[in-house]
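Secondary and tertiary structure notes
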Amino acid sequence: MRPLRLLAAVTGSPRLLAAAPRTGTAPVHVPPDSLSGAGGTAPAPGRPSSRTRLRAWAELLRVSALFTVPGDALAGAAATGRRPGRGTALAVGASLCLYEAGMALNDWADREEDAVDRPHRPIPSGRVAPGAALAAAGALTAAGLALAARAGRPALAVASGLAATVWAYDLRLKHTRLGPAAMASARALDLLLGATATAGAASAAPGPAGTHAAPGPAGTHAAPGPAGAHPPSAALPAALALGAHTYAVTAVSRHEVQGGSTAAPLAALAGVAGLGAAALRGRPAHGEPSPAPATGTLLLPAFVTAYLRTAAVPLLHAALNPSPPLTRRAVGGGIRAMIPLQATLAARAGSPLVGLAAMGLVPLARALSRKVSPT
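Once that is clear, we can look at the overall build of the protein. When helices and strands are tallied, the protein shows 16 helices and 0 strands. The contacts in the protein between residues at least 6 apart in sequence include a share of 74% that link residues at least 24 apart.

Right, let's talk about the layout of surface pockets for a bit. The volume enclosed by the largest pocket comes to roughly 930 Å³. As for the largest pocket, its lining consists of 39 residues, and the residues nearest its centre are Met 103, Asn 106, Tyr 169, Met 183 and Ser 253. Of all the secondary structure elements, the ones that give two or more residues to the lining of the largest pocket are helix H5 (86–109), helix H6 (111–117), helix H8 (153–173), helix H9 (179–204), helix H10 (236–253) and helix H13 (324–336). The residue inventory of the lining of the largest pocket, partitioned by class, reads 15 nonpolar, 11 polar and 13 charged.

The final tally for this structure, using the stated rule, is 1 cavity of 30 Å³ or more. Along the walls of the largest cavity sit His 245, Ala 248, Val 249, Val 252, Ala 268, Ala 311, Leu 315, Ala 330, Val 331 and Gly 334, which together make up its complete lining. For the lining of the largest cavity, the secondary structure elements donating two or more residues are H10, helix H12 (293–320) and H13. The biggest single contributor to the lining of the largest cavity is H10, with 4 residues.

Next up on the list: the pattern of salt bridges. Taken as a whole and judged by the stated rule, the model has 7 salt bridges. With its nearest N and O atoms 3.1 Å apart, the salt bridge here joins Arg 62 to Asp 107. Taken together, the positions of Arg 62 in the loop between helix H3 (50–61) and helix H4 (70–79) and Asp 107 in helix H5 put the pair 45 residues apart, joining distant regions of the chain. Here Arg 62 matches Asp 107 in class, with each residue buried.

Bringing the environment of Ala 319 into the picture now. Take Ala 319: it is sitting in helix H12. With 50 residues separating them along the chain, Ala 319 and Leu 269 place their C-alpha atoms 8.8 Å apart. Ignoring sequence-local partners within four residues, the contact set of Ala 319 consists of Thr 262, Pro 265 and Leu 266.

Structurally, Arg 82 can be placed in the loop between H4 and H5. Among the polar contacts made by the side chain of Arg 82, one reaches the main-chain carbonyl oxygen of His 230 at a distance of 2.8 Å.

For the rest of this paragraph, the subject is the confidence of the model for the protein. When pLDDT is averaged across the protein, the result is 83; 76% of the residues are at 70 or more. Counting contacts from residues 1–44, a segment whose pLDDT is below 50, to residues more than four positions away or on other chains yields 28 contacts. Segment residues 208–224: pLDDT under 50, and 25 contacts once partners within four positions in sequence are set aside and those in other chains are kept.

This brings us to the packing of aromatic side chains. Any pair of aromatic rings gets described here by the distance separating the centres and the angle formed by the planes. Evaluated as defined, the whole model comprises 0 aromatic pairs. If you follow Arg 111 out to its NZ or CZ, it ends over the ring of Trp 108, 4.3 Å from the centre.

Between helix H7 (residues 130–149) and H8, the shortest axis-to-axis distance is 8 Å and the interhelical angle comes to 160°. On the basis of their axis angle, the class for H7 and H8 is roughly antiparallel. The handedness of the crossing between H7 and H8 is right-handed. Across from Ala 137, Gly 138, Thr 141, Leu 145, Ala 148 and Ala 149 in H7, the residues of H8 making contact are Ala 155, Leu 156, Ala 159, Ser 160, Ala 163 and Trp 167. Taken together, the residues that form the contact of H7 with H8 break down as 9 nonpolar, 3 polar and no charged.

Looking now at the environment of Arg 62. Since its relative accessible area comes to 4%, Arg 62 is described here as buried. Expressed as a C-alpha distance, the spacing of Arg 62 and Leu 368, which sit 306 residues apart in the sequence, is 9.8 Å. Sequence-distant contacts of Arg 62, defined by excluding residues within four places in its chain, comprise Met 103, Asn 106, Asp 107, Arg 118, Arg 121, Val 372, Ser 373, Pro 374 and Thr 375.

Next up on the list: the side chain of Ser 261. Relative to the helices and strands, Ser 261 is located in the loop between H10 and helix H11 (263–280). On the basis of relative accessible area, Ser 261 is assigned to the buried category, the value being 12%. Ignoring anything within four residues of it in the chain, the contact list for Ser 261 reads His 255, Ala 318 and Pro 322.

The subject of this paragraph is the nonpolar core. One broad rule of soluble globular proteins: the nonpolar side chains tend to lie buried together. Formed by 51 residues in total, the largest nonpolar core has its most connected members in Leu 191, Leu 193, Tyr 307, Leu 315 and Leu 345. Those residues in contact with Leu 345 that sit more than four places away from it in its chain are Ala 75, Leu 191, Ala 238, Ala 241 and Leu 242. Val 304, Ile 339, Ala 343 and Ala 347 belong to the second largest nonpolar core, which has 13 residues in total.

Further remarks concern the environment of Trp 57. Relative to the assigned elements, Trp 57 resides in helix H3. The exposure class of Trp 57 is partly exposed, given its relative accessible area of 27%. With near-sequence residues (within four places) excluded, Trp 57 lies in contact with Val 128, Ala 132, Ala 133 and Ala 136.

Looking now at H7. Look at H7: 29 Å from first C-alpha to last across 20 residues, which is about the 28 Å you get at 1.5 Å a residue. All of the buried residues along H7 are Ala 133, Ala 136, Ala 137, Thr 141, Gly 144 and Ala 148. One side of H7 carries all its buried residues, which in axial view fall inside an arc of 135°. On its buried face, H7 sits against H3, H5 and H8.

Reading guide: rules and limits
Residues numbered from 1 in each chain as written. Predicted model: local features only at pLDDT ≥ 70, side-chain atom pairs only at ≥ 80, totals over all residues. Heavy atoms only, no water. Helix = DSSP H or I, 4+ residues; strand = E, 2+ residues; numbered from the N terminus. Contact = heavy atoms within 4.5 Å. 1 Å grid on protein atoms, 1.4 Å probe; cavity = no way out; pocket = protein on both sides within 12 Å on 5 of 7 lines; lining within 4 Å. Points joined across faces, edges and corners; volume = space filled by probe spheres on them. Nonpolar A, V, L, I, M, F, W, Y, C, P; charged D, E, K, R; others polar. Salt bridge = Lys/Arg side-chain N within 4 Å of Asp/Glu carboxyl O. Buried < 20%, exposed > 50% of the residue type's maximum accessible area, 1.4 Å probe, protein only. Polar contact = N/O pair within 3.5 Å; in protein donor to acceptor, adjacent residues only side chain to side chain. pLDDT = per-residue confidence, 0-100. Phe/Tyr/Trp six-rings, centres within 6.5 Å; stacked < 30°, edge-to-face > 60°. Lys NZ or Arg CZ within 6 Å of the ring centre and 35° of its normal. Axes fitted to C-alpha atoms, helices over the stretch in contact; angles between N-to-C directions. Parallel < 35°, antiparallel > 145°, perpendicular 65-115°, else oblique. Left-handed = near helix turned anticlockwise from the far one by under 90°. Core = buried A, V, L, I, M, F, W, Y, C linked by side-chain atoms within 4.5 Å. Expected span 1.5 Å × (residues − 1). Arc of directions from axis to C-beta.

Structure representation (structure tokens):
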């Protein structure tokens, strides 16, 4: 072999191969990707890029639905008549972890079903390993419980019930008649977690001269706070309202793959309309203060309108044409509608500005849902 052609064969240079005179022996082409050490610049064949892996995990965890979670704790805090504080922040963190644990566990439990119905999902498509998804679910659950524990024992107890409900739903109850009720219970517990953590952190806060609140019944601390502050049980009506909405959306989601159900979207539409009407009717229950005239009178109807527009319109379309795409759109609208519902509940409890803060998450949820589906 001539020197020029020998050099071309060793370096794999297309230019040298083209310039080298042909001989009777075929050149040996060494692809640049196969070079190792200092000369190797390309990754191993078949290994996905970091961006691809990040996209797969974003789909697995349904990150666009994350923005519907913080409002649970904010609405729970508002129901206690207290301002959001350290306990509320801990509840938000715990809720986010437990919510994402449920997302990862959901896809792990449905991996065989998704291989048939939704092969594009991260696990059946091979972009996320099943073991990695299960490990993420366990780690996120532990992190959520650890954050809740920092807000006090009552908050940890509520978070433990929430975690147990999430795991029971994904592993056992999802495909039974109890599925929607289990999901509704999880969302209601999430709001109660915000109320409990907010009140618990307030009771643990030092009072004047560095003292703490005096112990109450059963060794608990009485929760000090502003005039009109309420115990966490005052958040039960708000939790039931959020649970009712979640039940309706979950019932519709059971038909998002096959479609064909008109009854589920119609029932959900009736439920959404009833929740909107109830939010505008009468005064808040449990002695909660009415919204401030200057802000609450204007913001509460605006929040209810946003809730109805986000949830009711796609549900109506799905009822008229129960195709899988429109059913999935109705489910996505129902998920996003949780934010204005949380704002409505906060405003109804006398904290319209907290509701306005929750509404600030709507543009982020809408923008991210265009890239990563919430369903």
